[in-house]
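Okay, here's what each chain looks like letter by letter:
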Amino acid sequence: AERNDLLYLSGKIIIHWVIWIYTMITNIFEETCSSIYTHLLMNIMRVKIDTKEKFTVIHPEETGLTGSLTANLAETCKGILTQPVKNVVLNLESVLRIDEDAATALAELQQHFYEQNASFVVCSLRPEVEATFDATELSEYMNITPTESEAWDIVQMEEIERELLDSDDMEFDKQPE
């Protein structure tokens, strides 16, 4: 009887340990998943994308841009380079603040677009955002326009310029006799 009591007690202890371990693992798993989910949500930028004939307009729905959010935006934009319509107008009218890392990332993204023979124009900056670009002296190197309509004009002019420069039948060196 004493042995059966000991086995019964040992079995109960083992069951309690198994339940405790199961609970701990479940809690750790839930916390990890929640943490990963929160991290993913924090690093994914919500944007509206509107594709036109010659360009795509991207409207970030965030009020603040950080370096990590801009990295996500850069991946979205680089994906557009693989599409038939490669030019991008980035409308920042909803953005109230931008950090220097994000501003630098946007300048690098613009450079990447031009290296790929595509346009990248930023428009509709609020004064606080424009101040960040000015403070980092990036506005001197970037295509930034006050309105989306002006950004469209720049994209269309650059498209015409590329078409003229790529044209084989145009010879600018020859003058009429």
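Structure shown above.
In this report, the structure presented in the accompanying data block is examined.

**Regarding helix H4 (residues 127–135)**
Right, on to step 1. Turning to H4, its buried residues number three or more, namely Val129, Thr132 and Phe133. The buried residues of H4 occupy one face: seen down the axis, they fall within an arc of 95 degrees. In H4, the exposed positions angled more than 90 degrees off the buried face are occupied by Pro127 and Ala135.
Right, on to step 2. One or two steps after H4, the chain reaches Glu137, where phi turns positive at roughly 60 degrees.

**Section: the environment of Arg46**
Right, on to step 1. Assignment of secondary structure puts Arg46 in the loop between helix H1 (2–42) and strand E1 (47–51).
Right, on to step 2. Sequence separation between Arg46 and Leu73 is 27 residues, and the spatial gap between their C-alpha atoms is 8.8 Å.
Right, on to step 3. Excluding anything up to four places from it in sequence, Arg46 contacts His59, Pro60, Glu61 and Glu62.

**Structural notes on the side chain of Glu159**
Right, on to step 1. Locating Glu159 in the fold gives a position in helix H5 (residues 148–166).
Right, on to step 2. Here Arg162 takes part through its side chain, which lies 3.0 Å from a polar atom of the side chain of Glu159.
Right, on to step 3. Discounting chain neighbours no more than four positions away, the residues touching Glu159 are Lys54 and Asn87.

**Structural notes on unusual backbone geometry**
Most of the time, phi is negative for any residue but glycine, and the peptide bond is trans.
Right, on to step 1. The phi angle at Ser124 is positive, at roughly 60 degrees, despite the residue not being glycine.
Right, on to step 2. Summarising the element assignment, Ser124 is placed in the loop between strand E6 (120–123) and H4.
Right, on to step 3. If you check the backbone angles, Glu137 has positive phi at about 60 degrees while not being a glycine.
Right, on to step 4. Here Glu137 shows up in the loop between H4 and strand E7 (144–145).

Reading the values: the criteria
Residues numbered from 1 in each chain as written. Predicted model: local features only at pLDDT ≥ 70, side-chain atom pairs only at ≥ 80, totals over all residues. Heavy atoms only, no water. Buried < 20%, exposed > 50% of the residue type's maximum accessible area, 1.4 Å probe, protein only. Helix = DSSP H or I, 4+ residues; strand = E, 2+ residues; numbered from the N terminus. Arc of directions from axis to C-beta. Contact = heavy atoms within 4.5 Å. Polar contact = N/O pair within 3.5 Å; in protein donor to acceptor, adjacent residues only side chain to side chain.

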